[in-house]
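So you can see what is in the structure, the chains are spelled out below.
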Amino acid sequence: MKYRLVADSSSNILEVPGLAYEAVPLKIVAGEKEYVDNASLDVEKMVTELKAHKGKSSTACPNTAEWLQAFGDAEVVLGVAITSGLSGAYAAGMAAKTEYEETHPGKRVYLCDSLSTGPEMVLILERMAQLAGEEKSYEEIVAEITEYTKHTHLMFSLESLTNFARNGRVNPAVAAVVGVLGIRIMGKASAAGTLEPMHKCRGEKRALETLYREMKSEGYNGGKVRIYHSYNPAGAKAVEALIRADFPEADITIGQNRGLCCYYAEPGGVLVGFEDC
Ligand code: X90
């Protein structure tokens, strides 16, 4: 097969039906313990153990060798990485692209910096899979994905930003506010690919209603939606219901966060990737 799809594990995708696909795991590190975010990770067990863990915890992005391994010997690699604004995964992947193209003359690697994560990466992967299935050329695919990502977005509702703050990826003052019982932070992936808080909301119902309102002001008009949650199926379904009230036929799917997204989104977190059409 000409194309191989590749994404780091923050996309939450373990397989892509009908296409060669390889996920590159990030890692969650707590004391001596390292959780590799691959298909064999027991996410629920990890969350339980992390709750009991008193010391520091952190995450690690894949290195260049791990990306190279995922590229295998594909003729064309179509990849998507977690935001370069918060992780070194994209930089490592780009170093792998350079090395791969030098050592495999004629082969190509496209790595998209999602400036986002989770469900927005899912949208990008689905679009890549579609274009690969249509046997579009490398250049056409790069152009189409570049255009497509101008119209995809990520918004979220989170109950806790502890792990974000702990790892220096959000202002501690913002994290402290969310720690207050019942307060949720509703925000989005900024244009620079960082966490942008938008509203402090009292209660989940308000947080999710606010999220949907912000989706519409970002241009949502019945396009595709991918919702991923951390142990909060009710929250994910509530977002779906808000959307369906306006757009009964919208293409919406719900999935569960895997290791990396669960670590940062924390229990209760809901991530929504959508197209602004
Ligand atoms: O160690 C590493 O290189 C990984 C660092 C990842 C940090 C961000 C993870 C985000 C997970 C949480 C909610 C959405 C925030 C969106 C901001 C772009 C998902």
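Refer to the structure above for everything that follows.
The written sequence of each chain sets the order in which its residues are numbered from 1. It should be noted that, the model being predicted, local features are given only for residues of pLDDT at least 70 and side-chain atom pairs only at 80 or more, the latter also being counted only at that level, while totals for whole chains, interfaces and linings use all residues. Only hydrogens and water are set aside when side-chain values are computed; all heavy atoms of the structure are taken into account.

1. Description of unusual backbone geometry
Positive phi, close to 50°, is recorded for Leu115, a residue that is not glycine. Buried, partly exposed and exposed residues are distinguished by accessible area as a fraction of the type maximum, computed with a 1.4 Å probe on protein chains only: under 20%, between the cut-offs, and over 50%, respectively. Residue classification places Leu115 among the partly exposed positions, given a relative accessible area of 33%. One non-glycine residue, Glu135, adopts positive backbone phi at about 55°. Its place among the elements puts Glu135 in the loop between helix 4 (118-133) and helix 5 (138-148). A run of H or I in DSSP becomes a helix once it reaches four residues, and a run of E becomes a strand once it reaches two; helices and strands are each numbered from the N terminus.

2. Some remarks on the packing of aromatic side chains
Pairing of aromatic side chains here covers Phe, Tyr and the six-membered ring of Trp, requires ring centres within 6.5 Å, and sorts the geometry by plane angle: under 30 degrees stacked, over 60 edge-to-face, intermediate tilted. By the definition in use, this model includes six aromatic pairs. Relative to Phe71, the ring of Trp67 lies with its centre 6.4 Å away and its plane at 50°, an arrangement referred to as tilted. Note that Trp67 and Phe71 are positioned in helix 2 (residues 64-71) at a spacing of four residues, about one turn of the helix. Under the relative-accessibility criterion, Phe71 is labelled buried at 1%.

3. Thoughts on the pairing of strand 4 (residues 33-36)
The pairing of strand 3 (residues 27-30) with strand 4 spans four bridges and is classified as antiparallel. Residue pairing across strands places Ile28 opposite Tyr35, the latter belonging to strand 4. Any two strands with at least two DSSP bridges between them are considered paired.

4. Topic: the site of the ligand
Each residue is tested against the molecule or strand, and it is near if at least one of its non-hydrogen atoms lies within 4 Å. The ligand sits among 19 residues. The nearest are Thr59, Cys61, Ser87, Arg169 and Tyr264. Side-chain polar atom of Thr59 to an oxygen atom of the ligand: 2.5 Å apart, as the coordinates give it. A distance of 2.7 Å is found between an oxygen atom of the ligand and a side-chain nitrogen or oxygen belonging to Ser87. Taking 550 Å² as the accessible area of the ligand by itself, protein coverage stands at 99%. In this structure the site holding the ligand corresponds to the largest pocket. Contributing elements (two or more residues each) for the shell around the ligand: strand 5 (57-60), strand 8 (152-158) and helix 10 (259-265). Of the residues assigned to the shell around the ligand, the class counts are 13 nonpolar, five polar and one charged. Definition of a polar contact: a pair of N or O atoms within 3.5 Å, with one able to donate and the other able to accept a hydrogen when the atoms are protein atoms, and with sequence-neighbouring residues admitted only if both atoms are side-chain atoms. Per-residue and other accessible areas follow the Shrake-Rupley method at a 1.4 Å probe size, with only the shown protein chains counted as cover for residues. Here a cavity is any set of points on a 1 Å grid over the protein atoms alone where a 1.4 Å probe fits but cannot get out, and a pocket is any open set with protein on both sides within 12 Å along at least 5 of 7 lines; a residue lines the site when it has an atom within 4 Å of a point. Think of it this way: a molecule belongs to a cavity or pocket when more than half its atoms come within 2 Å of the grid points there. Asp, Glu, Lys and Arg are counted as charged, while Ala, Val, Leu, Ile, Met, Phe, Trp, Tyr, Cys and Pro are counted as nonpolar; the rest, among them Gly, fall into the polar class.

5. A short note on the nonpolar core
One broad rule of soluble globular proteins: the nonpolar side chains tend to lie buried together. Take the buried residues of types Ala, Val, Leu, Ile, Met, Phe, Trp, Tyr and Cys, join any two whose side-chain atoms come within 4.5 Å, and each joined set is a nonpolar core. Among the nonpolar cores identified, the biggest contains 67 residues, and Leu5, Trp67, Phe71, Leu78, Met128 and Leu161 are the most heavily contacted of them. Contacts of Met128, omitting those with residues within four sequence positions, involve Leu5, Leu78, Gly79, Val80, Tyr110, Cys112 and Ile145. With 20 residues, the next largest nonpolar core counts Ala207, Leu211, Ile227 and Val270 among its residues. Any two residues whose heavy atoms approach within 4.5 Å are treated as being in contact.

6. As for the sheet that holds strand 10 (residues 195-202)
Strand order in the open sheet formed by six strands is 10-9-8-13-11-12, with mixed pairing between adjacent strands. Edge strands, defined here as strands with exactly one partner in the open sheet, are strand 10 and strand 12 (252-256). For this sheet, the mean inter-axis angle between neighbouring strands, taken without regard to orientation, is 20°. In the sheet, strand 8 pairs with strand 9 (residues 183-189) via four bridges, with the strands oriented antiparallel. By the bridge assignment, Leu158 is partnered in strand 9 with Ile185. Angles here are taken between N-to-C directions and fall from 0 to 180 degrees, while the axes themselves are lines fitted to C-alpha atoms, restricted in helices to the stretch in contact.

7. Quick notes on the packing of helix 8 (residues 204-217) against helix 9 (residues 233-246)
At a closest axis distance of 10 Å, the pairing of helix 8 and helix 9 adopts a crossing angle of 45°. Considering their axes alone, helix 8 and helix 9 lie oblique with respect to each other. The way helix 8 lies across helix 9 gives a crossing that is right-handed. On helix 9, the residues touching Glu204, Leu208, Glu209, Tyr212, Met215 and Lys216 of helix 8 are Gly235, Ala238, Val239, Leu242, Ile243 and Asp246. Here is the rule for angles: anything less than 35 degrees is roughly parallel, anything more than 145 is roughly antiparallel, 65 through 115 is roughly perpendicular, and the remaining ranges are oblique. Should the near helix be turned counterclockwise from the far one by less than a right angle, the crossing is left-handed, whereas a clockwise turn marks it as right-handed.

8. Remarks on the pairing of strand 3
Every regular strand shows the same layout, with side chains that alternate between the two sheet faces. In sequence, strand 3 turns back onto strand 4 through a hairpin of two residues, with Gly31 there showing a positive phi of about 60°. As defined by bridge partners, strand 3 adjoins strand 5 across four bridges and the pair is classed as antiparallel. The residue bridging Ile28 from the neighbouring strand is Thr59, located in strand 5.

9. Digging into the pattern of salt bridges
Whenever Lys or Arg places a side-chain nitrogen within 4 Å of a carboxyl oxygen from Asp or Glu, that contact is recorded as a salt bridge. Applying the stated criterion to the full structure yields 19 salt bridges. The salt bridge partner of Glu147 is Lys150, with a shortest N-O separation of 3.2 Å. Bridged by salt links that share partners, the residues Lys97, Glu101, Arg108 and Glu139 form one connected network.

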